[in-house]
Amino acid sequence: MGAAKNLILVIFISLLTISPLLHAKIHEPVRATNGMVVTSEKLAAQAGLNVLKNGGNAVDAAVTIGFALAVTLPRAGNLGGGGFMLLRNAPTNEIIALDYRETAPKKATETMFLNKEGTPDAALSLNSYLAVGVPGTVSGLAYALEKYGTISLSQALKPAIDLAEKGFIVSQELATSLSTYKDSLAKHASTKQVFFKNDGNTYQAGDLFIQPDLATSLKLIAQHGIKAFYQGELAEKIVAHIKINGGIMALTDLATYKPLVRKPVQGTYRGYTVYSMPPPSSGGTHLIQMLNMLEQYPLQKMGATSPKTIHLLAETMRRAYADRSTHIGDPHFVSVPTQELTNKLYAKKITQSIKQNKASLSTAIKAGSPESFSEKHDTTHYSVMDKWGNVVSNTYTLNTSYGMKGVVDGTGILLNNEMDDFTAKPGFKNAYGLITNEKNKIEPGKRMLSSMTPTIVMKEAKPFLVTGSPGGSHIITTVLQIISYVIDHKMDIATATYAPRIHHQWLPDILSLEKGINTDTIQALKKMGHKVEEMPPSGAANSIVFQNNVFFGLADPRRLDGATLGF
Ligand code: GLY
């Protein structure tokens, strides 16, 4: 009897001990076994899921999502912008890096964004029609579909056409975003016509939002293919609108635009193989460089958000972003030491200057010499996996929210302001506070430096993790932390996505922390010499992990409209 009493007591005490865990908010990934899409907007996610359910592959779904987001997520989804798609083609077991980044128009010049005093004028590089790079999205998505998809371009466009023509109910997130940018959107009559109602307000949550001009543009592409956009009626409208408003893009810029297939950058991290985007994005190169640096430390033992781990992450980021400022540009125009920057020996060399308990000063850190070894920021990322092992990791953008804010008259198409990602003048900052130099100077036909980091991680030659994020300069550090949380700290993808993020980009010399890092840790970091600041939510990683034949996904809760859909 006494033993039984003791047993009950032990069970009671155990229950008390674990009850906080039972009540704790545990973030669960969404599970599926046949296929999954993870995006920052639910209607586009549903369109992608329908494609998978109807037997389409991951590329079919990804291209469908890309066009649908141009309708439902106008701040970043686009026809008038560009991006990067990393895809795994299961039949050949190849990883392909598709670069559909914008190019500088042929009339672009090195000094086009300098004012009379010779200093960069952000109003020109961000808000004028000079800011528009030659858009690559339509051509890039169509290329991926033709080469690796199974459905036709018109099938992939159908959900987008329906969403534009029949309209959709505006979410709170879209309403808030439109109202945030109300003043700058209202500066363009053509933009006002799309995003404002007759009463002079932007669309509100619950309103039906119809975009008839955009529907017509999408139908033209469905009928005539990409020619409609690059040579036909739409090309003429785009060029005429830009010209009349002081821009320099010409018909020949559109007619000669081509997406490029590149070899992904590749590295390893604690036994996993990491593939990501090569230049002109800096994302993949610096992701692998930082992973090589972090691999030298026992991060798992140090703990996920401990002062030691955050210090090492920050020092790693500081050094990689110093290199970014100097070494990367469009490889068709300048030599980029990608191999050297992603070499493990180079990582070993630069980590020698990291002190275990003391922050470096960014002014004392310069870009290394890898040759010695052999606005609110808006972009959107989505990930797709299918049951055949095809994987798509796609990040595309208009640059800042709604790009340069101008809609091409009569088309519903918003234009990017990607030219701001070039070096307006060596040593000066762009919209993300990033400093770049000579290698990224403006040249006709050149692609501007990017941070987009669509990534696929493989384990024993099988897809394991697909991830990526928006966030301008925060993209690379967000992807880095998702990988580290999953691989070093063994978190499931939901916990890894919710976990607080940090960011350091060399200059300004600030360690930015999301809410959720405890006060003792912040004090310890300050004691090491870090200049710590709280930052708003950083990035929006939409990721999927594939393990034991199950897809585990999560749309980043930092964006309210995200959706993780599988079947
Ligand atoms: N426009 C932001 C980026 O490409 O990094």
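For the structure, see preceding data.
Parameters at a glance
- Residues numbered from 1 in each chain as written.
- Predicted model: local features only at pLDDT ≥ 70, side-chain atom pairs only at ≥ 80, totals over all residues.
- Heavy atoms only, no water.
- Helix = DSSP H or I, 4+ residues; strand = E, 2+ residues; numbered from the N terminus.
- Rg over C-alpha atoms; globule rule 2.2 N^0.38 Å.
- Areas by Shrake-Rupley, 256 points an atom, 1.4 Å probe, with all protein chains shown as cover.
- Lys, Arg positive; Asp, Glu negative; His and termini not counted.
- Charge placed at Lys NZ, Arg CZ, Asp CG, Glu CD.
- Pairing = 2+ DSSP bridges.
- Salt bridge = Lys/Arg side-chain N within 4 Å of Asp/Glu carboxyl O.
- Buried < 20%, exposed > 50% of the residue type's maximum accessible area, 1.4 Å probe, protein only.
- Axes fitted to C-alpha atoms, helices over the stretch in contact; angles between N-to-C directions.
- Parallel < 35°, antiparallel > 145°, perpendicular 65-115°, else oblique.
- Left-handed = near helix turned anticlockwise from the far one by under 90°.
- Contact = heavy atoms within 4.5 Å.
- Expected span 1.5 Å × (residues − 1).
- Bend = angle between axes of the 7 residues up to and from the residue.
- Polar contact = N/O pair within 3.5 Å; in protein donor to acceptor, adjacent residues only side chain to side chain.

Chemist: For this particular structure, what's the right way to read the overall build of the protein chain?
Modeler: Across its full length, the protein chain holds 21 helices and 21 strands. A compact globule built from 567 residues would reach a C-alpha radius of gyration of about 24 Å, and the protein chain, at 24 Å, matches this within 12%. Projected onto its principal axes, the C-alpha positions of the protein chain cover 90 × 55 × 50 Å. A total of about 21700 Å² of accessible surface is found on the protein chain, and carbon and sulfur atoms cover 56% of it. Across the protein chain, the 56 positively charged side chains and the 45 negatively charged ones have centroids separated by 5 Å.

Chemist: What's the story with unusual backbone geometry in this structure? I'm lost.
Modeler: Generally, phi is negative for residues other than glycine and the peptide bonds are trans, each holding for most cases. Of the consecutive residues Pro 279 and Pro 280, the connecting peptide bond is found in the cis state with omega at 20°. Following the sequence through the fold, Pro 280 ends up in the loop between strand S9 (272-276) and helix H14 (283-294). Positioned with a positive phi, Ala 461 is a non-glycine residue whose angle comes to about 65°. Even without glycine at this site, Trp 506 takes up a positive phi of about 75°. Considering the arrangement of structural elements, one finds Trp 506 in the loop between strand S16 (502-503) and strand S17 (511-513).

Chemist: What am I meant to see in the sheet that holds strand S18 (residues 532-534) here?
Modeler: Spatially, three strands are ordered S16-S17-S18 in an open sheet, and the strand pairing comes out mixed. If you trace the sheet from one side to the other, it starts and ends with S16 and S18, each paired once. Across three bridges, the pairing between S17 and S18 is parallel. Residue Leu 513 lies in a different strand from S18, and its bridge partner there is Glu 534.

Chemist: Honestly, the pattern of salt bridges in this entry has me stumped. Any pointers?
Modeler: Working definition: two side chains of opposite charge can pair if their charged atoms are close together. Under the definition given, this model contains 27 salt bridges. One salt bridge in this structure joins Arg 319 and Glu 315, with 2.8 Å as the shortest N-O distance. Of the two residues, Arg 319 and Glu 315 are both situated in helix H16 (residues 307-327); the distance of four residues between them amounts to about one turn of the helix. By relative accessible area, Glu 315 is classed as buried at 0%. Taken together, the shared-partner salt bridges in this structure form one network comprising Glu 315, Arg 318, Arg 319, Asp 509 and Lys 531.

Chemist: What should I look at first to understand the pairing of S9 in this one?
Modeler: Moving residue by residue along a regular strand, the side chains alternate between the two faces of the sheet. A large share of S9 lies buried, amounting to four of its five residues. Bridge analysis of strand S8 (residues 265-269) against S9 gives five bridges, and the strand direction is antiparallel. Bridge pairing links Tyr 269 to Tyr 272 in S9. Here S8 folds back onto S9, and the loop between the two strands holds two residues, one of which, Arg 270, carries a positive phi near 45°. Across three bridges, the pairing between S9 and strand S14 (residues 455-459) is antiparallel.

Chemist: I would appreciate a short explanation of the packing of helix H3 (residues 58-72) against helix H5 (residues 137-148) in the present structure.
Modeler: When two helices pack together, their arrangement is captured by the angle between the axes and the distance separating the axes. Where H3 contacts H5, the axes come no closer than 9 Å and their chain directions differ by 160°. Relative to H5, the element H3 lies roughly antiparallel. Two packed elements cross with a definite hand, and for H3 against H5 that hand is left-handed. Judged by residue contacts, Val 59, Asp 60, Val 63, Gly 66 and Phe 67 of H3 engage Leu 141, Ala 144, Leu 145 and Tyr 148 from H5.

Chemist: Honestly, helix H6 (residues 153-166) in this entry has me stumped. Any pointers?
Modeler: Residues three or four positions apart in an α-helix share a direction because the helix packs 3.6 residues into each turn. If you check H6, its first and last C-alpha atoms are 20 Å apart, about what 14 residues at 1.5 Å a residue would give, namely 20 Å. Along its length, H6 shows its largest kink, about 30°, at Pro 159. For H6, the complete set of buried residues consists of Leu 153, Ala 156, Leu 157, Ala 160, Ile 161, Leu 163 and Ala 164. Lining the buried residues of H6 we find helix H2 (42-53), H3, H5, strand S5 (168-169), strand S6 (208-209) and helix H10 (212-224).

Chemist: I tried to follow the side chain of Ser 276 on my own but got confused; where do I start?
Modeler: Mapped onto the secondary structure, Ser 276 falls in strand S9. Of note is the side chain of Ser 276, whose polar atom sits 3.1 Å from the backbone oxygen of Pro 454. At a separation of 2.8 Å, a polar atom in the side chain of Ser 276 contacts the side chain of Thr 455. Not counting the four nearest positions on each side in its chain, Ser 276 is found in contact with Leu 86, Pro 264, Val 265, Gly 284, Leu 287, Thr 453, Pro 454 and Thr 455.

Honestly, it's all geometry; don't read function into it.
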